[in-house]
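Chains, contacts and geometry: an overview
Spelled out, the chains give:
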Amino acid sequence: VGQKAYVVNCNKVPGSPNFPMMFGAVEVFSRPAMDAYAAGSWKCGQQLPWGSWGEDYYMTHCMDFLGVGRIADFGVLGDNVCTGANCMDQGVASFHPFKSVDAWQQCWGQATAPR
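This report concerns the structure included in the present document. Computed from a predicted model, the values in this text were never measured in an experiment.

Re the nonpolar core
Across soluble globular proteins, nonpolar side chains have a tendency to be buried as a group. Tyr6, Cys44, Cys62, Met63 and Val68 are the most contacted members of the largest nonpolar core, which has 13 residues in total. Going through the elements one at a time, β1 (5-8), α1 (31-47) and α2 (55-65) are the ones with two or more residues in this core. For cysteine 44, the contacting residues outside a window of four places in its chain are Trp50, Tyr58, Cys62, Phe65 and Leu66. One finds Met21, Phe23, Val76 and Cys82 within the second-largest nonpolar core, a separate group that totals 8 residues.

What to know about the packing of α1 against α2
Two measures define how a pair of helices packs: the angle their axes make with one another and the distance between the axes. At their nearest, the axes of α1 and α2 sit 9 Å apart, and the two run at 105° to each other. In terms of axis orientation, α1 runs roughly perpendicular to α2. Taken together, the residues of α2 that come into contact with α1 (itself represented by Ala33, Met34, Tyr37, Ser41, Lys43, Cys44, Gly45 and Gln47) are Tyr58, Met59, Cys62, Met63 and Phe65. When grouped by side-chain class, the residues that make up the contact of α1 with α2 number 9 nonpolar, 3 polar and 1 charged.

Remarks on the state of the cysteines
Across all of its chains, the model carries 3 disulfides by this definition. Residue pairing for cysteine 10: its cysteine sulfur links by disulfide to cysteine 82, the two sulfurs lying 1.9 Å apart. Between cysteine 10 and cysteine 82, the S-S dihedral sits near 100°, and the bridge is therefore right-handed. Here the residue cysteine 10 occupies a position in the loop between β1 and α1, and cysteine 82 occupies one in the loop between β3 (77-79) and β4 (94-96), the gap between them amounting to 72 residues. Here cysteine 44 connects covalently by a disulfide to cysteine 62, the sulfurs 2.0 Å from one another. Between cysteine 44 and cysteine 62, the disulfide has an S-S torsion of 85° and is therefore right-handed. One end of the pair, cysteine 44, is in helix α1; the other, cysteine 62, is in helix α2, with 18 residues separating them in the sequence. Judged by relative accessible area, which is 0%, cysteine 44 ranks as buried. With a relative accessible area of 0%, cysteine 62 lands in the buried category. Numbered by position along the chain, the disulfide-linked cysteines of the protein connect as 1-4, 2-3, 5-6.

Regarding the packing of aromatic side chains
Inspection of the entire model under this criterion finds 5 aromatic pairs. A ring pair is formed by phenylalanine 19 and phenylalanine 23, whose centres lie 6.4 Å apart and whose planes are at 50°; its orientation type is tilted. Judged by relative accessible area, which is 17%, phenylalanine 19 ranks as buried. Phenylalanine 23 gets classed as buried once you look at its relative accessible area, which sits at 9%. For the pair tryptophan 53 and tyrosine 57, a centre-to-centre distance of 5.0 Å together with 85° between the ring planes defines the contact as edge-to-face. According to the relative accessible area criterion, tryptophan 53 is partly exposed, its value standing at 22%.

Considering α2
Those residues of α2 not exposed but buried are Asp56, Tyr58, Met59, Thr60, Cys62 and Met63. The secondary structure elements touched by the buried residues of α2 are β1, α1 and β2 (69-72). Immediately beyond the C-terminal end of α2, within one or two residues, lies glycine 67, with a positive phi of roughly 80°.

Cut-offs applied
- Residues numbered from 1 in each chain as written.
- Predicted model: local features only at pLDDT ≥ 70, side-chain atom pairs only at ≥ 80, totals over all residues.
- Heavy atoms only, no water.
- Core = buried A, V, L, I, M, F, W, Y, C linked by side-chain atoms within 4.5 Å.
- Buried < 20%, exposed > 50% of the residue type's maximum accessible area, 1.4 Å probe, protein only.
- Helix = DSSP H or I, 4+ residues; strand = E, 2+ residues; numbered from the N terminus.
- Contact = heavy atoms within 4.5 Å.
- Axes fitted to C-alpha atoms, helices over the stretch in contact; angles between N-to-C directions.
- Parallel < 35°, antiparallel > 145°, perpendicular 65-115°, else oblique.
- Nonpolar A, V, L, I, M, F, W, Y, C, P; charged D, E, K, R; others polar.
- Disulfide = S-S within 2.5 Å.
- Phe/Tyr/Trp six-rings, centres within 6.5 Å; stacked < 30°, edge-to-face > 60°.

What follows is the structure, given as structure tokens:
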């Protein structure tokens, strides 16, 4: 409580300097982390080579640059772009990416099926 922190939710390539990172399907920040971003985002814009980065990659690097702490939670997101999405996993808060209606409905059906 009261700490500057954000959640990294993907560790696709352990040991890589770019992982773990926050994948954009679920982004979690404490209020003090957002206060730090509001006060210092201009530094990220001026001092990081962000031009070709995606938004989640940018936020991961900006939060680190601003000294915001990390909380690792690799179970909150089931992401096929990260390490996979098992729609039947009841411990996962979100599944990604399911971009067609059929794929989304299939995942929804698996996630909400009676056990």
